[in-house]
Amino acid sequence: MKRVLVVGGSEEYSGAVFLAGIAALRSGAESVVVMAPEKVAWAVNALTPDLVTRKLRGKYLTLSHKREIMRQLKTADVLVIGNGATTRPGTAALMRALATWPGKKVIDADALKALRGSEITNALLTPNRGEWKLLEKNTGIKKLLETNVIIKKGMPTEILSKTKMFLQRSTNRGLEKAGTGDVLAGLCAGYLSQSFSLWFAAKKACETGNTIAELLTRKKKGYYFLASDIVNELQKKS
């Protein structure tokens with residue numbers, strides 16, 4: 001079973017976990033469970049019947065949700081954290097706790113901002129420029145690369161491990177739009193769920209997202225596509 005668990009969302013940001021979850025399904029996961037604050041989870045249910053949700057009490061994720069999430073993790077192969085979660089203190093504490101889970105995981109968005117120290121293994125981290133600087137300051141890039149892979153999003157995008165570096169020179173400019181990072185995180189999780197290595201999943205996710213972005217740029221005669229357009233195009237290609 002190729003099972004992905006997505007943990008994120010908040011009162012302000014309900015779309016992020018939807019984009020990540022659907023992208024994971026479209027890239028190979030057989031089932032995706034989204035654990036999110038209850039109103040976010042209901043919104044996801046309204047958007048699609050394909051994502052299973054677990055509704056957590058409150059408007060925001062907090063450390064009090066850890067036990068319930070850890071129970072759900074017993075049935076998951078891949079964990080995705082951070083999408084739309086916010087950086088509130090209680091949420092950040094939960095993100096740090098979940099980041100130490102030993103299984104394969106994708107650490108994105110607000111979870112990256114919460115990290116302190118480098119006691120993280122088996123993770124694919126997906127920082128933008130600002131989040132990269134925070135990782136340098138709060139965790140140490142060299143230490144993270146000992147046991148993890150990092151996708152440094154930007155123009156161009158870089159993929160780094162302890163022993164390798166890949167430069168995607170022609171990264172599409174439209175991939176700087178809001179929500180496209182959530183789609184990338186979901187793609188990474190979908191490929192990881194197929195037992196691919198961190199490196200292979202990172203490279204395939206970046207290449208898939210970029211190929212679709214190039215196609216949409218030609219179709220729309222410019223960088224006018226949205227993150228949800230990438231998900232829709234994945235549907236046609238799946």
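For clarity, every value in this text was computed on a predicted model and none was experimentally measured.

J.: Whenever I open this one, the overall build of the protein confuses me. Can you help?
T.: In terms of helices and strands, the protein carries 10 helices and 9 strands. Over its C-alpha atoms the protein spans a radius of gyration of 16 Å, differing by no more than 12% from the 18 Å that the globule rule assigns to 238 residues. Along the first, second and third principal axes, the C-alpha atoms of the protein reach 45 × 40 × 30 Å. Within the protein, residue pairs in contact and separated by at least 24 positions form 61% of the contacts whose partners lie at least 6 positions apart. With the model as given, the accessible surface of the protein reaches about 10,900 Å², and the carbon-plus-sulfur share is 51%. In the protein, 38 side chains carry a positive charge and 20 a negative one; their mean positions are 2 Å apart.

J.: So what exactly am I meant to see when it comes to the packing of aromatic side chains here?
T.: Each aromatic ring pair is specified by the distance between its two centres and by the angle formed by the two planes. Counted by the stated rule, this structure contains 1 aromatic pair. Aromatic pair F196 and F200: ring centres 4.7 Å apart, planes at 65 degrees, arrangement edge-to-face. Residue F196 is classed as partly exposed on the basis of its relative accessible area of 26%. Classification of F200 by relative accessible area gives partly exposed; the value is 41%. In this structure, K55 is placed above the aromatic ring of W42, and the distance from its NZ or CZ to the ring centre is 4.3 Å. If you follow R88 out to its NZ or CZ, it ends over the ring of Y60, 3.9 Å from the centre.

J.: I would appreciate a short explanation of the side chain of E131 in the present structure.
T.: Of note, E131 is situated in helix α6 (residues 129-138). No salt bridge is formed by the buried E131; its nearest oppositely charged neighbour, K113, is found at 4.1 Å.

J.: Where do I start with the sheet that holds strand β1 (residues 3-7) in this structure?
T.: Adjacent strands of a sheet pair through backbone hydrogen bonds, lying either parallel or antiparallel. Across the sheet, 9 strands lie side by side as β3-β2-β1-β4-β5-β6-β7-β8-β9; this open sheet has mixed pairing. Taken across any chain shown, the strands that pair with only one partner, and hence form the sheet edges, are β3 (52-56) and β9 (165-168). Recorded for the sheet is a direction-independent mean angle of 15 degrees between the axes of neighbouring strands. Bridge analysis of strand β6 (residues 123-125) against strand β7 (residues 149-152) gives 2 bridges, and the strand direction is parallel.

Cut-offs applied
Residues numbered from 1 in each chain as written. Predicted model: local features only at pLDDT ≥ 70, side-chain atom pairs only at ≥ 80, totals over all residues. Heavy atoms only, no water. Helix = DSSP H or I, 4+ residues; strand = E, 2+ residues; numbered from the N terminus. Rg over C-alpha atoms; globule rule 2.2 N^0.38 Å. Contact = heavy atoms within 4.5 Å. Areas by Shrake-Rupley, 256 points an atom, 1.4 Å probe, with all protein chains shown as cover. Lys, Arg positive; Asp, Glu negative; His and termini not counted. Charge placed at Lys NZ, Arg CZ, Asp CG, Glu CD. Phe/Tyr/Trp six-rings, centres within 6.5 Å; stacked < 30°, edge-to-face > 60°. Buried < 20%, exposed > 50% of the residue type's maximum accessible area, 1.4 Å probe, protein only. Lys NZ or Arg CZ within 6 Å of the ring centre and 35° of its normal. Salt bridge = Lys/Arg side-chain N within 4 Å of Asp/Glu carboxyl O. Pairing = 2+ DSSP bridges. Axes fitted to C-alpha atoms, helices over the stretch in contact; angles between N-to-C directions.

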